[in-house]
2 protein chains.
Amino acid sequence: MAKTQTRASYHHGDLPAALVAATFELVGESGLQDFSVAEAARRTGVSISAPYRHFADREELLAACAIAACQELKRRFDAELAGERTPAGQLSAVSAAYVRFAAEQRPMFEVLHGAGLDKTKHPALALAAIEALAAAEAAARKLTPTGSDEETGTLVQALTGLSQGHATLLLDGAFGDQPSAVDLAADRARAATAALLRGRSLLFAEPKAR
Amino acid sequence: MAKTQTRASYHHGDLPAALVAATFELVGESGLQDFSVAEAARRTGVSISAPYRHFADREELLAACAIAACQELKRRFDAELAGERTPAGQLSAVSAAYVRFAAEQRPMFEVLHGAGLDKTKHPALALAAIEALAAAEAAARKLTPTGSDEETGTLVQALTGLSQGHATLLLDGAFGDQPSAVDLAADRARAATAALLRGRSLLFAEPKAR
DNA sequence: GTCTATACGCGGATAGAC
DNA sequence: GTCTATCCGCGTATAGAC
């Protein structure tokens, strides 16, 4: 009932949101490569040209999807941050949450990192990305020697890199095909983050002369 | 002269290799998304149908490119391993080398990770990937508590994840646009690897109950 | 705001000649 | 082993009607 109402209202309702949802569906089924505006339109039940009333082109639709992904990510990060008390615990939990996000919302992850979106062309996306990481950044700052922006950036990049890599490996199948691979990869990311934080003094040492 | 010879010999010579080279060129110019067998054929100076004598389809050509990328990677890893004496130094150097590889051979990196190749469908690729990592794995084994395969795998995955993530961030522009970003990212990967190795005892602890 | 119809272009892949 | 020619299908984007 509600469903029918929602569907019927697409035509005079929230077509942009419906297209975003359809995009995630399609990416989940066939990957980002095969996604097309035309297919998203068909899936939504509107004509092929309708999307262009709301999105200038294919890229703008993907950018809208990426923003939705950032918001979901922020939601998850904030939940993890609230559940831990020490900065190290918080950051390890965020790392694990990122890996879970990649697996549980794979289409979102793909759009976020595989669509080749230029953030300078989509300021709203750049903003959403910053907001997702803001709270974690504050936790990282507490674990730096002086709390400077530079040190904080260094640490955040190291942790981001570690998490990103674990997520990528998981989706590439490096942790196996079982459903439990997600738990495994998330735990590994958590442990690796903890290990990296324990040895973090090496991050702030001067790099070797070159 | 030699060039002309080479070109002239494409038609009765090593067209597969020429197509692989053309593919890397194209990916470097326009990204993996826009690559097409047709364009690779044009670039190589042969007809659109010629590639299909050597590769069953587009994916097989990409798999051949991925194998070439693995070989280049192995070459770089082996060079780094020979230049350091401690396992920790070797692994840190390998991590940095991976980041450099991503930047300096970006098309290879893209094909390796963005083509969505299923290694079970391309056994030769799976083998090449294993060979690239074999020597680094031996170094990692020396840094585990008991030297078991399980512990070694855990450590290799953590380091692989860290390196992969740093490479991805670099190509995404997270380390800036300057040419020096490559050096920066490589150093960060090296330092993060060293930090992770220093704190590695946390990797081998039992994960929390869930 | 959505539809129908259309212009335009490209890629994958095959058949058959040489 | 390579070419020419061709079939087939798909997607992007726009124009103009409703």
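Trainee: Report on the overall build of chain A, specifying residues and quantitative values.
Mentor: Helix and strand content of chain A: 9 helices and 0 strands. Order of helices (α) and strands (β) in chain A, N terminus to C terminus: α-α-α-α-α-α-α-α-α. Summarising its shape, the C-alpha atoms of chain A cover approximately 60 × 40 × 35 Å along the three principal directions. A buried classification covers 46% of the 210 residues belonging to chain A. In chain A, the share of contacts with a sequence separation of at least 24, taken over all contacts with a separation of at least 6, comes to 67%. Of the roughly 10600 Å² that chain A leaves accessible, carbon and sulfur atoms contribute 53%. For chain A, the centre of its 22 positive side-chain charges and the centre of its 25 negative side-chain charges are spaced 3 Å apart.

Trainee: Residue-level account of the interface of chain A and chain B, with values.
Mentor: Contacts between chain A and chain B engage 35 residues on the former and 37 residues on the latter. For the pair chain A and chain B, the two sides together bury roughly 2900 Å², of which 56% comes from carbon and sulfur. Between chain A and chain B we count 0 salt bridges in total. Here chain A and chain B share 8 residue pairs in polar contact (both at pLDDT 80 or more) between them. Those elements that place two or more of their residues in the side of chain A that touches chain B are α6 (106–114), α8 (149–172) and α9 (180–198) of chain A.

Trainee: Summarise the environment of Gln-33 of chain B; cite the residues concerned and give the values.
Mentor: Of note, Gln-33 of chain B is situated in helix α2 (residues 15–34). Put simply, Gln-33 of chain B and Ala-115 of chain B are 82 residues apart on the chain and 8.8 Å apart in space, counted from C-alpha to C-alpha. Apart from residues lying up to four places away in sequence, Gln-33 of chain B is in contact with Gln-33 and Gly-114 of chain A.

Trainee: Tell me what's going on with the packing of helix α7 (residues 123–141) of chain A against α8 of chain A, and back it up with residues and numbers.
Mentor: All names here are of chain A. The contact between α7 and α8 brings their axes to 9 Å, and the two run at 110 degrees. In terms of orientation, α7 lies roughly perpendicular with respect to α8. For the pair α7 and α8, the crossing hand works out as right-handed. Residue-level inspection shows Glu-137, Ala-140 and Arg-141 of α7 in contact with α8, the latter providing Asp-149, Thr-152, Leu-155 and Val-156. Classifying every residue of the contact of α7 with α8 by side-chain character gives 3 nonpolar, 1 polar and 3 charged.

Trainee: Explain the domain arrangement of chain A residue by residue, including any values.
Mentor: All names here are of chain A. For chain A, the domain assignment lists domain 1 (2–53) and domain 2 (68–203). A C-alpha centroid distance of 29 Å is found between domain 1 and domain 2. Taken residue by residue, the interface counts 6 residues in domain 1 and 7 residues in domain 2. Of the roughly 520 Å² buried at the junction of domain 1 and domain 2 (both faces included), carbon and sulfur atoms supply 85%. Looking at the side of domain 1 facing domain 2, the largest losses of area belong to Phe-24, Val-27 and Leu-32, adding up to 85% of the total buried there. Along the contact surface separating domain 1 from domain 2 lie 0 salt bridges. Here the side of domain 1 that touches domain 2 is composed, by residue class, of 4 nonpolar, 2 polar and no charged.

Trainee: Hey, could you go over the relation of the copies chain A and chain B for me, with residue numbers and the actual values?
Mentor: Note on the identical chains: chain A maps onto chain B by a rotation of 180 degrees and an axial translation of 0.0 Å, with an RMSD of 0.1 Å. Each copy turns onto its partner about a two-fold axis. Mapped onto chain B, 100% of the interface residues of chain A are again interface residues, and the two copies thus contact each other with one and the same surface.

Trainee: How would you summarise the pattern of salt bridges if you had to cite specific residues and measurements?
Mentor: Within the structure shown, the criterion is met by 22 salt bridges over all chains. With a shortest N-O distance of 3.0 Å, Glu-39 of chain A and Arg-42 of chain A are connected by a salt bridge. Linking Glu-39 of chain A with Arg-42 of chain A, this pair stays in helix α3 (residues 37–44), spanning 3 residues, or about one helical turn. In this structure Glu-39 of chain A comes out as partly exposed when scored by relative accessible area, which is 28%. On the accessibility criterion, Arg-42 of chain A (47% relative accessible area) is partly exposed. Among the ionic pairs, Arg-43 of chain B bridges to Glu-29 of chain B, the shortest N-O distance being 2.9 Å. Of this pair, Arg-43 of chain B sits in helix α3 (residues 37–44) while Glu-29 of chain B sits in helix α2; the two residues are 14 residues apart in sequence, bridging distant segments of the chain. For Arg-43 of chain B, a relative accessible area of 30% gives the class partly exposed.

Trainee: With reference to specific residues and values, describe the packing of aromatic side chains.
Mentor: Residue and element names in this part refer to chain A. In this structure the tally under the stated criterion is 6 aromatic pairs over all chains. Between Phe-77 and Tyr-98, the ring centres sit 6.4 Å apart and the planes meet at 45 degrees, which makes this aromatic pair tilted. Of this pair, Phe-77 sits in helix α4 (residues 58–83) while Tyr-98 sits in helix α5 (residues 87–104); the two residues are 21 residues apart in sequence, bridging distant segments of the chain. You'll find Phe-77 and Tyr-98 in the same group, each marked buried. In textbook terms, an aromatic cluster arises when at least three aromatic residues are bridged by ring pairs, as seen for Phe-77, Tyr-98, Phe-101 and Phe-109.

Trainee: So, the side chain of Thr-23 of chain A: which residues are in play, and what are the values?
Mentor: All names here are of chain A. With respect to the secondary-structure elements, Thr-23 resides in helix α2 (residues 15–34). On the basis of relative accessible area, Thr-23 is assigned to the buried category, the value being 0%. Once residues within four sequence positions are removed from consideration, Thr-23 is found in contact with Phe-35, Ala-40, Leu-61, Leu-62 and Cys-65.

Trainee: If you had to explain a negative patch on the surface to someone new, which residues and values would you point to?
Mentor: Residue and element names in this part refer to chain A. Residues Asp-57, Glu-59, Glu-60 and Asp-118 make up a contiguous surface patch of negative charge. Tracing the chain through its elements places Glu-59 in helix α4. The partly exposed category is assigned to Glu-59, whose relative accessible area is 31%.

Rules used in this analysis
Residues numbered from 1 in each chain as written. Chains lettered and ligands numbered in written order. Predicted model: local features only at pLDDT ≥ 70, side-chain atom pairs only at ≥ 80, totals over all residues. Heavy atoms only, no water. Helix = DSSP H or I, 4+ residues; strand = E, 2+ residues; numbered from the N terminus. Buried < 20%, exposed > 50% of the residue type's maximum accessible area, 1.4 Å probe, protein only. Contact = heavy atoms within 4.5 Å. Areas by Shrake-Rupley, 256 points an atom, 1.4 Å probe, with all protein chains shown as cover. Lys, Arg positive; Asp, Glu negative; His and termini not counted. Charge placed at Lys NZ, Arg CZ, Asp CG, Glu CD. Buried area = accessible area lost by both parts, 1.4 Å probe. Salt bridge = Lys/Arg side-chain N within 4 Å of Asp/Glu carboxyl O. Polar contact = N/O pair within 3.5 Å; in protein donor to acceptor, adjacent residues only side chain to side chain. Axes fitted to C-alpha atoms, helices over the stretch in contact; angles between N-to-C directions. Parallel < 35°, antiparallel > 145°, perpendicular 65-115°, else oblique. Left-handed = near helix turned anticlockwise from the far one by under 90°. Nonpolar A, V, L, I, M, F, W, Y, C, P; charged D, E, K, R; others polar. Domains from an automatic or database assignment. Least-squares fit on C-alpha atoms with pLDDT ≥ 70 in both. Phe/Tyr/Trp six-rings, centres within 6.5 Å; stacked < 30°, edge-to-face > 60°. Patch = residues over 30% accessible without salt bridge, like charges linked within 9 Å, V, L, I, M, F, W, Y side chains within 5 Å.

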